Every structure is written in structure tokens, then in C-alpha cells.
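Each chain is listed here by its residues.
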Amino acid sequence: MSGNVVSASAIAIDEAARLLAGGELVAFPTETVYGLGADATNDEAVRRIFAVKGRPADHPVIVHIANRNDLGKWARAVSKGAAQLAEAFWPGPLTLILPRASTVLDQVTGGQDNVGLRMPSHSIARALLNAFGGGIAAPSANRFGHVSPTTAAHVAADLREAPAMILDGGPCDVGIESTIVAFRNDEPVLLRPGAISVAELAQVLGRSPLPPDAAAPRVSGSLTSHYAPRTPASLLKSDALRAELAQLTERDEQLAVLARTLERPADFEGVWIAARGDAAEFARDLYANLRALDAANADAILIETPPDDPAWLAVRDRLTRATQGEDDDRD
Ligand code: TXA
Ligand code: MG
């Protein structure tokens, strides 16, 4: 493993906070995925995030905050629905898109009038935020177009340039990025599904969030083939996958398979990952599994389609994006 990975002891967290204050970048674990953090009030530092990720500079980044009370420092208005969601789900895997306060940097918002805010629940992220004492701007700590990192080793292997420190807090529990909710005239809009489900949001809001549309704030993660492995990947229903596997001997192809219900055929020689369990367990291991499938250097990755059930919405979203093929315009 290359580059500045440090076990997240109290001493290391203090050092990381000092590095952030000095304008350096620090990667850190959250409950969702690892973030690549910078002082959200330092435009040079935020600019460096984009260079290290290889991400276009006009994409907004989420500001991570230590307390609900900090909302008012970053947002100039907090609608009733937003306050209810913050109360119910923070700290946790939820990002709120709110009208920005005038002091928020253009580098952070991508020049938009909104700012993305999230109070993470991971103990190391919270300790870092408390030690730093300000907002930390952090996108997922992966290179533009790659899957998000869920371990410190993923971060070290993926970025163009090592951050000053990578705090190692072990694998992330949620495994996919936060649920993102924006507000349009106080109406909630789901910009990115995540671990906080539509049903949970609806229960707190008293109504279901609207699906995103063209008028919603831009989320670079919704460019079609975000989260894509390099190997061509496709989603197949179990019957179709079974049929493909039955023809294996006639095909001169190496396959890597992410199965959910199918058993590995006796004559299958490629990489086979059996991802059992419910949607939360599947999500937790999803990006590590996609990396392992990609590392097999197979001709194709075949993924068994997840159930068509609301609990699997976020997993289906990420898998659909991962299987959309090559596209240079991805985040
Ligand atoms: O779980 C997460 O949200 C992780 C961890 C590190 O917190 N972060 C994350 O950041 O996934 P990122 O940048 O990889 O994805 C955040 C998405 C991006 O697609 C970005 O465009 C969108 O949120 N976003 C951030 N600020 C926004 C804003 N002001 N308006 C609209 N979209 C915004
Ligand atoms: Mg990302």
C-alpha cells in the first residue's frame, strides 16, 4: 500500500486536524465511504481536491459539519423539512442541499446557489471534525469515474497523488454514498438514493420526496456512468445469467461474476463472488466487490440483478451506473 496511511489513533486525528488547518488534504473514513477532506474555507485547499481526484472544478463538494447547530453557518435558510430530516437522521448518511450562506466558497458549491451539508456519524469523522473545529469539504476519495473507496487501501491505490494523511478506520459500514435530498420551493427532491430509504424520509416528512428532474440542482454523481469499473459490466436477471453460464464452454472469454442467488457452476473458472444477505449487507461490500471483479482483468463482469424492491433502490442505482459503459464525462 502506498502513501501516508495511518491508523486513526487520537494522536493521528489531532495531527490530521493540524494538517487540514495548514491547507493540506486528509482522507478519512465516514460511515458511508472514505472522504478526501480539505478546510472548506480555504479555496486553495478545496481546489487541490479536484486536482487529486482529476475531477472537473465546477462540481460541488459536500461540507461535513460536527453539529446540527452549524447548519446556520453554511445555509442561509433551513426549510421545515430540512430541519426535520437533520433532526431525524443526523448524525448519519444523509446530505441536505440548502441555499448557501454568502460566505461559502464558490469552489465548494461549484458556483451554484446551494451548498451540500452532512453531519457524519462515524466516530473518527466526528473526532476529526471536533479536533479541526470547522467544516470539512470532502467528496468521495476516489479518482474521477472510479468507484468510491470503502477502505484506506482503496484510497491509497486510487488517487493520483497521496493526500498528506489517510486516516485508516477500517472498512465503512454503509458502503455506498449518502442519500441526498434537495428542496425546491420547500418540496423535497431525492437527488441520490442511499442508506436512508425513501420510506424513512417519507415517514419524517409526511410525504415522499420527488424524483430528480432537470430543474433540480446538478449532482455530478448522476452523470450516467459514475461508479464504473474498467471492465465492461452488465446486469443480468438470474435466468439470463444462468443461460450465459451454461454456454461457458463454447465461449473463449474470461468472466467475473457477482452472484446473489446463483450457485457457482462446477466448470466456472473465473472470479466468482457470492454476495448473500439483504440490501444493507450487499451495499456494504459492493464497491470492494466491484474492485475485486475489476482486478480479475476478465473480458466481462456479469452481475446478477438485485430485487426490484424499494429496499434495494440505492444498490440498483449504483449497479445501473456501474454497467452503463464507457463515458469520459463521469465523476
Ligand atoms: O456519503 C457521502 O456523501 C460521501 C462521504 C465522503 O460523505 N461523499 C460523497 O461526495 O459521496 P461526492 O462528492 O463523491 O458526491 C456528492 C454528490 C456529488 O455528486 C455532488 O455533485 C453533489 O453531491 N453535491 C454536493 N454539493 C452539492 C450542491 N451544492 N448542489 C447539488 N449537488 C451537490
Ligand atoms: Mg463520489
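Report follows, based on the coordinates. (Residues numbered from 1 in each chain as written. Chains lettered and ligands numbered in written order. Predicted model: local features only at pLDDT ≥ 70, side-chain atom pairs only at ≥ 80, totals over all residues. Heavy atoms only, no water.)

Side note on the pattern of salt bridges
Close approach of charged atoms allows side chains of opposite charge to pair. Per the counting criterion, the structure on display carries 15 salt bridges. A salt bridge links R47 to D43; the shortest N-O distance between them is 3.8 Å. Within this pair, R47 and its partner D43 are both found in helix α2 (residues 43–53), separated by four residues, close to a single helical turn. A relative accessible area of 42% places R47 in the partly exposed class. With a relative accessible area of 31%, D43 lands in the partly exposed category. Two residues, R242 and D239, come together in a salt bridge whose shortest N-O distance is 3.1 Å. Taken as a pair, R242 and D239 lie in helix α9 (residues 238–246) at a separation of three residues, close to a single helical turn. (Salt bridge = Lys/Arg side-chain N within 4 Å of Asp/Glu carboxyl O. Helix = DSSP H or I, 4+ residues; strand = E, 2+ residues; numbered from the N terminus. Buried < 20%, exposed > 50% of the residue type's maximum accessible area, 1.4 Å probe, protein only.)

As for the packing of aromatic side chains
Across all of its chains, the model carries two aromatic pairs by this definition. Centre to centre, the rings of F268 and W272 are 5.2 Å apart; their planes meet at 70°, and the pair counts as edge-to-face. Classification of W272 as buried rests on a relative accessible area of 12%. The lysine or arginine in question, R260, covers the ring of W312, its NZ or CZ lying 5.3 Å from the ring centre. (Phe/Tyr/Trp six-rings, centres within 6.5 Å; stacked < 30°, edge-to-face > 60°. Lys NZ or Arg CZ within 6 Å of the ring centre and 35° of its normal.)

Re α2
Looking only at α2, the buried set comprises A45, V46, I49, F50, V52 and K53. In this structure, the buried residues of α2 make contact with β3 (35–39), α5 (106–109) and β7 (136–137). Two or three places before E44, at the start of α2, stands the capping residue N42, its side-chain oxygen 3.1 Å from that residue's backbone nitrogen. Just past α2, the residue G54 takes up positive phi, approximately 70°. (Contact = heavy atoms within 4.5 Å. Polar contact = N/O pair within 3.5 Å; in protein donor to acceptor, adjacent residues only side chain to side chain.)

Things to note about the sheet that holds strand β1 (residues 5–7)
Overall, mixed pairing links the ten strands, which are arranged β1-β8-β2-β3-β7-β4-β6-β5-β9-β10 in an open sheet. The outermost strands of the open sheet, each flanked by one partner alone, are β1 and β10 (187–192). In the sheet, β1 pairs with strand β8 (residues 165–168) via three bridges, with the strands oriented parallel. Within β8, the residue paired with V5 across the bridge is I166. (Pairing = 2+ DSSP bridges.)

Regarding the pairing of strand β6 (residues 114–118)
Counting buried positions over the five residues of β6 gives four, a clear majority of the element. Sheet analysis places strand β4 (residues 62–64) next to β6, joined by three bridges and oriented parallel. In the strand pairing of β6, V63 is matched with L117. Bridge count between strand β5 (residues 94–99) and β6: four bridges; the pairing is antiparallel. Among the inter-strand pairings, L96 is bridged to a residue of β6, identified as L117.

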